[in-house]
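Below, each chain spelled out in residue letters.
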Amino acid sequence: MPIVADAADNGAVEAAVDAVTKEHGRLDHIVANAGVSGHDTLADGDPDQWREMV
């Protein structure tokens, strides 16, 4: 059951969980798949810029 939602929007996350549990009775797991990527490393990256991806 794919659902497109903004993982940074708590209301969207709650609506997605509600839709799944209404349809299937429970939620076993979620995959939050980001569509962008940075080209830095943990050592030299900027965590503030990572927020956009997450």
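Residues numbered from 1 in each chain as written. Predicted model: local features only at pLDDT ≥ 70, side-chain atom pairs only at ≥ 80, totals over all residues. Heavy atoms only, no water.

A. Representation of the overall build of the chain. Along its length, the chain carries two helices and zero strands. Here the C-alpha atoms of the chain give a radius of gyration of 15 Å, more than 25% beyond the 10 Å that 2.2 N^0.38 yields for 54 residues. Along the longest, intermediate and shortest principal axes, the C-alpha atoms of the chain span 45 × 20 × 15 Å. The burial tally for the chain puts 6% of its 54 residues in the buried class. Entry remark: accessible area of the chain is about 5,000 Å², with carbon and sulfur atoms responsible for 52%. (Helix = DSSP H or I, 4+ residues; strand = E, 2+ residues; numbered from the N terminus. Rg over C-alpha atoms; globule rule 2.2 N^0.38 Å. Buried < 20%, exposed > 50% of the residue type's maximum accessible area, 1.4 Å probe, protein only. Areas by Shrake-Rupley, 256 points an atom, 1.4 Å probe, with all protein chains shown as cover.)

B. Seen up close, a negative patch on the surface. A cluster of acidic side chains, namely D40, D44, D46 and D48, defines a negative patch on the protein surface. The residue D48 is located in helix α2 (residues 47–53) in this model. A relative accessible area of 58% places D48 in the exposed class. (Patch = residues over 30% accessible without salt bridge, like charges linked within 9 Å, V, L, I, M, F, W, Y side chains within 5 Å. Salt bridge = Lys/Arg side-chain N within 4 Å of Asp/Glu carboxyl O. Lys, Arg positive; Asp, Glu negative; His and termini not counted. Charge placed at Lys NZ, Arg CZ, Asp CG, Glu CD.)

C. Representation of helix α1 (residues 10–24) within the structure. For α1, spanning 15 residues, the distance from its first C-alpha to its last is 21 Å, which sits close to the expected 21 Å at 1.5 Å a residue. Directly after α1, the chain includes G25, whose backbone phi takes a positive value near 85°. (Expected span 1.5 Å × (residues − 1).)

D. Seen up close, the pattern of salt bridges. Per the stated rule, a full pass over the model turns up one salt bridge. For R26, the salt bridge goes to D28, with nearest N and O atoms at 3.0 Å. The pair R26 / D28 is uniform in exposure class, with both members exposed.

E. A look at the environment of G25. In this structure, G25 sits in the loop between α1 and α2. Residue classification places G25 among the exposed residues on the basis of a relative accessible area of 61%. For the pair G25 and G45, spaced 20 residues apart in sequence, the C-alpha separation works out to 41 Å.

F. Molecular detail of the environment of P2. Tracing the backbone through its elements, the reader meets P2 in the segment before α1. Distance from P2 to N33, taken between C-alpha atoms, is 11 Å for residues 31 residues apart in sequence.

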